[in-house]
Amino acid sequence: MITVPPSGPPQHYLGGIALRLLAMASLSFMFVLVKYIDAAGIHILESLFWRQALVIPFILIWVMTHGGLATLKTQRIGSHARRAAMGLTGMACNFGGMILLPMAEATTINLSVPIFAVIFAAILLGERAGWQRWSAVIVGFVGVLVVLNPGAGFVAGFAGTHGMGTLIALGGAIMTALITIAVRDLGRTEAAATIVFWFSLLSMIPLGIALPFFYTAHSAHEWLLLVGLGLSGAVVQMSLTGALRLAPVAVVIPMDYSALLWSIACGWWFFGTLPAETTWIGAPLIIASGLFIAWREHRRHIDRPKEVAA
């Protein structure tokens, strides 16, 4: 009998779940700050700049205590650059969706990421998805359509500021799904902290070039908002990374749906808004679809070693 030594950090499922829940709570708080920063008249490109700039020191501290700066070396700078371009676009869409929509509605649309990830994995990676996962995708799409609510006519449903916010939030979900595919490819050779570092650093180049055109003087209150944005973004990044070090993806991903509860609470507490009726109807369909996809992914990882052994 051959014994394979364990690889990677020790697994601690409860710790991984706790960190993922912390990431979702921090993400909701970060989006509260995004809305306040926009209300203060600060351009979205500047908020993106400080969101990325203030994350880098925390990533460096993390790296220095987990292997040193040598772990940031990479032979795939082109892949990191493509991931940074997609990540910056996706983050801009997510910020824009949160600015233009009530928090709960924008979060619900973003929860459709696993649905698009299945489609892109099948198209771009050639991954097989059986009828069960495709059925889950269809159910999820029905939920998305319910939330989008183009009831008065498809074109009319996307008219105005709310309609633009809906399209931007949907674009953010699609870009996040594509980012998932890119990170899955990078993860074959790169550590999580390395991926986060190069994303933050490379995205600073276009943001730094654009900053002088949008920068304005800020009050102490506005600087406090921007620093809070960077700090909460760092907590999100480190919690997400830490969760995946302690527990498998299929264990922690379902915790992402707690973001909807946080967004409902934050939307009501800070802005006095509650989800529309269509959100209450569509969200359970999207969540059920995502949970089933996560469960099927978990079963695939269990069954694959059995097939290899056979």
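One structure accompanies this document, and this report is about it. (Residues numbered from 1 in each chain as written. Predicted model: local features only at pLDDT ≥ 70, side-chain atom pairs only at ≥ 80, totals over all residues. Heavy atoms only, no water.)

### Some words on the overall build of the protein chain
- Along the backbone of the protein chain there are 14 helices and 0 strands.
- Each helix and strand of the protein chain, ordered N terminal to C terminal, gives the series α-α-α-α-α-α-α-α-α-α-α-α-α-α.
- The buried share of the protein chain, reckoned over its 310 residues, is 47%.
- Within the protein chain, counting contacts between residues at least 6 apart in sequence, those at least 24 apart form 89% of the total.
- Surface exposure of the protein chain reaches about 15500 Å², of which carbon and sulfur atoms provide 72%. (Helix = DSSP H or I, 4+ residues; strand = E, 2+ residues; numbered from the N terminus. Buried < 20%, exposed > 50% of the residue type's maximum accessible area, 1.4 Å probe, protein only. Contact = heavy atoms within 4.5 Å. Areas by Shrake-Rupley, 256 points an atom, 1.4 Å probe, with all protein chains shown as cover.)

### A word on the side chain of Ser203
- Within the secondary structure, Ser203 sits in helix α10 (residues 192-214).
- At 2.8 Å, the side chain of Ser203 forms a polar contact with the side chain of Gln52.
- From its side chain, Ser203 meets the backbone oxygen of Ser200 in a polar contact 3.0 Å long. (Polar contact = N/O pair within 3.5 Å; in protein donor to acceptor, adjacent residues only side chain to side chain.)

### Some details on the side chain of Glu222
- In this structure, Glu222 sits in helix α11 (residues 220-246).
- Lys35 is the oppositely charged side chain nearest to the buried, salt-bridge-free Glu222, at an N-O distance of 17 Å. (Lys, Arg positive; Asp, Glu negative; His and termini not counted. Salt bridge = Lys/Arg side-chain N within 4 Å of Asp/Glu carboxyl O.)

### Remarks on the nonpolar core
- Judged by nonpolar contacts, the single largest core of 67 residues is most densely connected at Phe31, Phe49, Ile59, Phe95, Ile109 and Leu260.
- No other element matches the 9 residues that α10 contributes to this core.
- Not counting chain neighbours up to four residues away, the residues in contact with Ile109 comprise Leu101, Val147, Leu148, Thr166, Ala169, Leu170 and Ala173. (Core = buried A, V, L, I, M, F, W, Y, C linked by side-chain atoms within 4.5 Å.)

### Re the packing of aromatic side chains
- Summed over the entire model, instances satisfying the criterion amount to 8 aromatic pairs.
- Taking 6.1 Å as the distance between ring centres and 85° as the angle between the ring planes, the aromatic pair formed by Phe31 and Phe95 counts as edge-to-face. Here Phe31, found in helix α1 (residues 13-39), pairs with Phe95, found in helix α4 (residues 77-100); they are 64 residues apart in sequence, far enough to count as distant. Both residues of the pair, Phe31 and Phe95, belong to the buried class.
- Ring plane angle 50° and centroid distance 6.4 Å describe the contact between Phe270 and Phe271, whose orientation is recorded as tilted.
- The exposure class assigned to Phe271 is partly exposed, which follows from its relative accessible area of 28%.
- Through pairs of rings, three or more aromatic residues link up here, namely Tyr36, Phe270 and Phe271.
- A cation over a ring is seen here: Lys35 above Phe271, with NZ or CZ 5.5 Å from the ring centre.
- The cationic tip of Arg83 hangs over the ring face of Phe199; the distance from NZ or CZ to the ring centre is 4.1 Å. (Phe/Tyr/Trp six-rings, centres within 6.5 Å; stacked < 30°, edge-to-face > 60°. Lys NZ or Arg CZ within 6 Å of the ring centre and 35° of its normal.)

### Re the packing of α1 against helix α13 (residues 258-271)
- In the contact formed by α1 and α13, the axes pass within 9 Å of each other and the chain directions differ by 35°. Note that α1 runs across α13; the crossing there is right-handed. Contacts between α1 and α13 involve Leu21, Met24, Ala25, Ser28, Val32, Lys35 and Tyr36 from the former and Ser258, Ala259, Trp262, Ser263, Cys266, Phe270 and Phe271 from the latter.
- Split by residue class, the contact of α1 with α13 holds 10 nonpolar, 3 polar and 1 charged. (Axes fitted to C-alpha atoms, helices over the stretch in contact; angles between N-to-C directions. Left-handed = near helix turned anticlockwise from the far one by under 90°. Nonpolar A, V, L, I, M, F, W, Y, C, P; charged D, E, K, R; others polar.)

### A few points about the environment of Ser79
- When you line up the elements, Ser79 lands in helix α4.
- For the pair Ser79 and Ile195, spaced 116 residues apart in the sequence, the C-alpha separation amounts to 9.9 Å.

### Describing the packing of α4 against helix α5 (residues 103-110)
- The interhelical angle for the contact between α4 and α5, taken along N-to-C directions, is 145°, at an axis separation of 7 Å. The two elements α4 and α5 meet at a crossing, and its hand is right-handed. Facing Asn94, Gly97 and Met98 of α4, the residues of α5 in contact are Met103, Ala106, Thr107 and Asn110.
- Taken together, the residues that form the contact of α4 with α5 break down as 3 nonpolar, 4 polar and no charged.

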